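Structure at a glance
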Amino acid sequence: MTIKLDMVGIVVANMREALDFYRLLGFQIAETHNDDMHVEIDQEGVRLAFDKLEMAKGIYGSWEEPTGHRVELAFRCESREALDQLYAKIVHKGYVGYKEPWDAFWGQRYAIVQDPDGNLISLFV
């Protein structure tokens, strides 16, 4: 049996706020999707999807607010400078900068931000 990762889904409280954050990361998402219940972005074969909380409740039958950090979304930046600039832009727009850019011991330039739903998002080169 062979399986392939096809989609990563994110449950969001407010679709417009969530999409605005991911637009800031550089995703091209039409503003006409701001009120949709489900939005998908194709990332060269792996989809990044967003579902409103109401939709998740309908799918799962209920919803409990998750606690803790279980899954990491990590996005590769073009360069160290691009990472630093993106981090500064995100924080300037009022989003949480969870950990400022640093040179990690494993050799990457790394930073962590938080999306509007509290998910930790890694940026790296």
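This text goes with the structure placed above it.
Presented here is an overview of the structure given in this document.

Definitions and cut-offs
Residues numbered from 1 in each chain as written. Predicted model: local features only at pLDDT ≥ 70, side-chain atom pairs only at ≥ 80, totals over all residues. Heavy atoms only, no water. Pairing = 2+ DSSP bridges. Helix = DSSP H or I, 4+ residues; strand = E, 2+ residues; numbered from the N terminus. Axes fitted to C-alpha atoms, helices over the stretch in contact; angles between N-to-C directions. Contact = heavy atoms within 4.5 Å. Core = buried A, V, L, I, M, F, W, Y, C linked by side-chain atoms within 4.5 Å. Buried < 20%, exposed > 50% of the residue type's maximum accessible area, 1.4 Å probe, protein only. Domains from an automatic or database assignment. Salt bridge = Lys/Arg side-chain N within 4 Å of Asp/Glu carboxyl O. Lys, Arg positive; Asp, Glu negative; His and termini not counted. Polar contact = N/O pair within 3.5 Å; in protein donor to acceptor, adjacent residues only side chain to side chain.

Turning next to the sheet that holds strand β7 (residues 120-124). Strand order in the open sheet formed by four strands is β4-β7-β6-β5, and the pairing between neighbours is mixed. Sheet topology places β4 (73-76) and β5 (96-103) at the edges, where each strand pairs with a single neighbour. Taken over all neighbouring pairs, the strand axes of this sheet differ in orientation by 15° on average, direction set aside. Sheet topology note: the β5/strand β6 (residues 109-114) ladder contains five bridges and is antiparallel. For Asp 103, the partnering residue across the bridge sits in β6 and is Arg 109.

Within the open sheet, the three strands sit side by side as β1-β3-β2. Their pairing is mixed. This sheet does not close on itself; its edge strands, each paired only once, are β1 (7-12) and β2 (38-43). Neighbour to neighbour, the strand axes of the sheet diverge by 15° on average, direction disregarded. Relative to strand β3 (residues 46-52), β2 is paired through six bridges, and the arrangement is antiparallel. Residue pairing for β3: His 38 is matched across the bridge by Asp 51. Across the sheet, helix α1 (residues 15-24) touches β1, β2 and β3, and the angle it forms with β3 is around 150°. Along the sheet, helix α2 (residues 53-60) makes contact with β1, β2 and β3, crossing β3 at roughly 95°.

In terms of nonpolar packing, the biggest core is built from 26 residues, with Tyr 22, Leu 25, Phe 50, Phe 75, Ile 121 and Leu 123 touching the most fellow members. Composition of this core by domain shows at least three residues from each of domain 1 (1-65) and domain 2 (69-124).

One can find Ala 49 in strand β3. Distance in space between the C-alpha atoms of Ala 49 and Val 39 is 5.5 Å, their sequence separation being ten residues. When neighbours within four sequence positions are excluded, Ala 49 is seen to be in contact with Met 7, Val 8, Gly 9, Ile 10, His 38, Val 39 and Glu 40.

Moving on, we get to the pattern of salt bridges. The tally for this structure, following the rule as stated, stands at seven salt bridges. Among the salt bridges present, the one from Glu 40 reaches Arg 47, with a minimum N-O distance of 2.9 Å. By relative accessible area, Arg 47 is classed as partly exposed at 26%.

This part takes up the side chain of Asp 115. Of note, Asp 115 is situated in the loop between β6 and β7. Buried and without a salt bridge, Asp 115 has Arg 23 as its closest oppositely charged side chain, separated by 13 Å. Within the structure, the side chain of Asp 115 is placed 2.9 Å from the backbone nitrogen of Asp 117, a separation counted as a polar contact. Here Asn 119 takes part through its backbone nitrogen, which lies 2.9 Å from a polar atom of the side chain of Asp 115. Apart from residues no more than four positions distant in its own chain, Asp 115 is found in contact with Ile 10, Phe 21, Tyr 22 and Ile 121.

Here we come to α1. Since the α-helix turns once every 3.6 residues, residues separated by three or four places project in the same direction. The buried count for α1 comes to seven of ten residues, which makes it a mostly enclosed element. Listed as buried for α1 are Met 15, Ala 18, Leu 19, Phe 21, Tyr 22, Arg 23 and Leu 24. In this structure Asn 14 caps α1, since a side-chain oxygen of it lies 3.1 Å from the backbone nitrogen of Arg 16.

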